[in-house]
Amino acid sequence: MNVKTLFPLAAAFLLLSSGFMGANVQAEEHNNPLQFYTGTDGSYAKVTLETDVAVFAQSNSWFGNDVEVLGDTSGSWWESLVRPGLEFSYVLPCSQTVYAQFDMVQANTFGGNDAAGSNIGYSESSLRVDHAYAGWKSGSLFSSLGEDFLVISFGRQSYTTGNGFLLYSQGGSGFGRAAWWIGGRNSAEYAGVVKMRSGNWAADLVYLEADDNPDSNTEVGGGNIEYAGEGAGYVGAGFYTVSSDIDGRDSMLIYDVRGGVNPFAVMGAIEALKPLHFEAEYVYEDTDDSYESGNAWYLSVGYTFEGCPWKPGVTYRYAEFDENYDYLFYGASDWETWYQGEVLGEYVLGNSDLDSHMLKLGFQPIDQVAVTLAFMDFARHESGEDYAQEYNLIVDWSVSDNLSMSFVGGIADPDEAAVLETGGSDTWSYMMVFGSLKF
């Protein structure tokens, strides 16, 4: 019996052992217009819907050498995504819960060639299933360990650790799947996940088959453990094994250590230093004897000016990825994390053979609007040559509970490494407007 079949069998066994009986639930009025069933015990069923649209405009793409790099010009284009789906959660009489989610993504790229070069000379349209998974929560079955101590899920879903430095999105976009920037296809082809939570401790077991593009038949299995203190910080560690059609990735062993700390977040500490926080992560990839092992790490320090108008906060981060590091399935949990730069990180630079400095300032002039200013400085790790500097202005506007918009402007100035690798030497300017409607 393989690992893939164990997860649904384990979930079925646990459901049967708990006594699967119909719960006494009733439909009632609710505020969500797409929620068509609500139970008195928290059960629900609803239609889900997401619609995203983005328009992009740029000049001097690829530092003015887009025709040579991509095979055609890349000036402006549109992307759109529609994600209809169903979601339900059903509370059993014994307090345990079964839940499931299913959705499909209709993605499109049109109006021009994107800067990634994923649709040169034509428009793209793609309809694919993204989420299709089911799960079970233990409720009070293990009451001494806490509510929902054990959660088991299996199917098409994504698996994330930390802030996405190593694992965040196991699905690929663009190049026949459309909507390179919006993405929307985050799920693995299959992922079985066991999560355990008790007090300050958490642990995961995972097996996944990536849905990357092009398909590399990459499979990842392993586990993660984490301890979170009472407001003072956290520490976590993971170990994973990898099999893949990519030679350097096949038989890889991955060791991941990460943590964050608020060293002055204790009673009696100097009040002005309490908002100071640090975060770090280190990943070591042990390959077989035919390939060099790789590693990557980052260290960040942040400070929030509490009590000040506009709630300003500043973060500095240094990240280093050696030339043998395989960046696997990282993703964007926040602006500049871990697509580093809205120009270079989205379209040019992957997180390998790269050193980066980031300085980010955020503030909130009104409750509905957040503004981010970011500066990135990149260099090649192996040669030490400067690559480029990037400057970004990002405005996020929460128009309502369901509608949000983002406005992004950026410029990237090339240095010697970028000129050598791309053949371009002009300043690359970029603008994007993104709108998202979710129910």
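Just above sits the structure.
Numbering of residues starts from 1 in each chain and follows the order in which that chain's sequence is written. It should be noted that, the model being predicted, local features are given only for residues of pLDDT at least 70 and side-chain atom pairs only at 80 or more, the latter also being counted only at that level, while totals for whole chains, interfaces and linings use all residues. With hydrogens and water set aside, each side-chain value is computed from the structure's full complement of heavy atoms.

Peer 1: Could you give an account of the overall build of the chain, naming the residues involved and the relevant values?
Peer 2: Across its full length, the chain carries five helices and 19 strands. Our radius of gyration is a C-alpha quantity, and the globule rule it is checked against amounts to 2.2 Å times the number of residues to the power 0.38. On C-alpha atoms alone, the chain measures out to a radius of gyration of 23 Å, which is about the 22 Å that the 2.2 N^0.38 rule sets for 439 residues. Taken along its principal axes, the extent of the C-alpha atoms in the chain is 70 × 55 × 55 Å. Exposure categories follow from relative accessible area, calculated using a 1.4 Å probe and restricted to protein chains: below 20% of the type maximum is buried, above 50% is exposed, and the middle band is partly exposed. Counting the 439 residues in the chain, one finds 47% classified as buried. In the chain, once contacts between residues fewer than 6 apart in sequence are set aside, the share between residues at least 24 apart is 59%. Numbering of helices and strands starts at the N terminus; helices are DSSP runs of H or I of at least 4 residues and strands are runs of E of at least 2. When checking whether two residues touch, look at their non-hydrogen atoms; a contact exists if any pair is within 4.5 Å.

Peer 1: For the pairing of strand β13 (residues 294-304), give the residues involved together with the corresponding values.
Peer 2: Across nine bridges, strand β12 (residues 277-286) lies against β13 in antiparallel orientation. When the sheet's bridge partners are listed, Y284 is paired in β13 with N295. For β13 and strand β14 (residues 313-321), the ladder comprises nine bridges, and the chain directions are antiparallel. Following the sheet pairing, Y303 is matched in β14 by V314. DSSP bridges decide pairing: two strands pair if at least two such bridges lie between them.

Peer 1: Could you give me a rundown of a negative patch on the surface, with the residues and numbers involved?
Peer 2: Patch definition: residues above 30% relative accessible area lacking any salt bridge, with like charges linked at up to 9 Å and the nonpolar side chains Val, Leu, Ile, Met, Phe, Trp and Tyr linked at up to 5 Å. Under the convention used here, a 1.4 Å probe and the Shrake-Rupley method define accessible areas, while residue burial counts only the protein chains that appear. The working definition used for a salt bridge is a side-chain nitrogen of Lys or Arg within 4 Å of a carboxyl oxygen of Asp or Glu. Here the positive residues are Lys and Arg and the negative ones are Asp and Glu; neither His nor the chain ends is included. Where a charge lies is defined by one atom per residue type: Lys uses NZ, Arg uses CZ, Asp uses CG and Glu uses CD. A cluster of like negative charges, contributed by D215, D245, D247, D288 and D289, occupies part of the molecular surface. Within the secondary structure, D289 sits in the loop between β12 and β13.

Peer 1: Give a description of the nonpolar core that names residues and reports values.
Peer 2: By nonpolar core is meant a set of buried Ala, Val, Leu, Ile, Met, Phe, Trp, Tyr and Cys residues that side-chain atoms within 4.5 Å join together. Judged by nonpolar contacts, the single largest core of 60 residues is most densely connected at W181, L344, Y347, W428, Y430 and M432. The element that contributes the greatest number of residues to this core is strand β19 (residues 428-438), accounting for four residues. Setting aside its immediate chain neighbours within four residues, Y430 contacts F56, A57, Q58, W77, W181, E342, V343, Y347, V408, G409 and G410.

Peer 1: Quick rundown of the packing of aromatic side chains? Include the residues and the values.
Peer 2: Whether two aromatic rings pair depends on their centres lying within 6.5 Å, for rings of Phe, Tyr and Trp, where Trp uses its six-membered ring; planes under 30 degrees apart make the pair stacked, over 60 edge-to-face, and the rest tilted. A full pass over the atoms with the stated rule returns 28 aromatic pairs. Aromatic side chains W78 and F110 sit 6.2 Å apart centroid to centroid with 10° between the ring planes, which places their arrangement in the stacked category. Here W78 is found in strand β3 (residues 76-91), whereas its partner F110 is found in strand β4 (residues 97-110), with 32 residues between them in sequence. Given a relative accessible area of 38%, W78 falls into the partly exposed group. A relative accessible area of 33% means that F110 is categorised as partly exposed. Taking 6.4 Å as the distance between ring centres and 50° as the angle between the ring planes, the aromatic pair formed by Y190 and Y207 counts as tilted.

Peer 1: Outline the environment of Y159, supporting the account with residue identities and numerical values.
Peer 2: Along the chain, the position of Y159 falls in the loop between β6 (150-156) and β7 (190-198). By relative accessible area, which is 1% here, Y159 ends up buried. For the pair formed by Y159 and L208, sequence separation is 49 residues and the distance between their alpha carbons is 8.2 Å. Discounting chain neighbours no more than four positions away, the residues touching Y159 are L167, Y168, Q170, V193, D204, V206, L208, N224 and Y240. Pairs of N or O atoms are called polar contacts if they sit within 3.5 Å, as long as, within protein, a hydrogen donor faces a hydrogen acceptor (for residues adjacent in sequence, only side-chain-to-side-chain pairs). Polar contacts involving the side chain of Y159 include one to the side chain of D204, which spans 3.1 Å.

Peer 1: I'd like to hear about the side chain of E87, residue by residue, with values.
Peer 2: When you line up the elements, E87 lands in strand β3. An unpaired buried charge is present at E87: no salt bridge exists, and K46, the closest side chain of opposite charge, is 4.2 Å distant. Separated by 2.6 Å, the side chains of E87 and Y44 make a polar contact. With residues up to four places along the chain from it excluded, the contact list for E87 reads Y44, A45, K46, T48, A100 and Q101.

Peer 1: Please provide a residue-by-residue account of the side chain of E79, values included.
Peer 2: For E79, the position within the fold is in strand β3. Despite its burial, E79 remains without a salt bridge, the nearest opposite charge being carried by R185 at 7.4 Å. Among the polar contacts made by the side chain of E79, one reaches the main-chain amide nitrogen of W181 at a distance of 3.0 Å. Ignoring anything within four residues of it in the chain, the contact list for E79 reads D52, V53, A54, F56, N108, T109, F110, A179, W180, W181 and I182.

Peer 1: Just give me the short version of the pairing of β6, but keep the residues and values in it.
Peer 2: Where a strand is regular, its side chains alternate between the two sheet faces. By the criterion of burial, β6 is predominantly enclosed, with six of the seven residues buried. Here strand β5 (residues 124-137) runs beside β6; their pairing, made up of six bridges, is antiparallel. In the strand pairing of β6, A134 is matched with F154. As paired elements, β6 and β7 share six bridges and run antiparallel to each other. Directly across from G155, in β7, lies its bridge partner A191.

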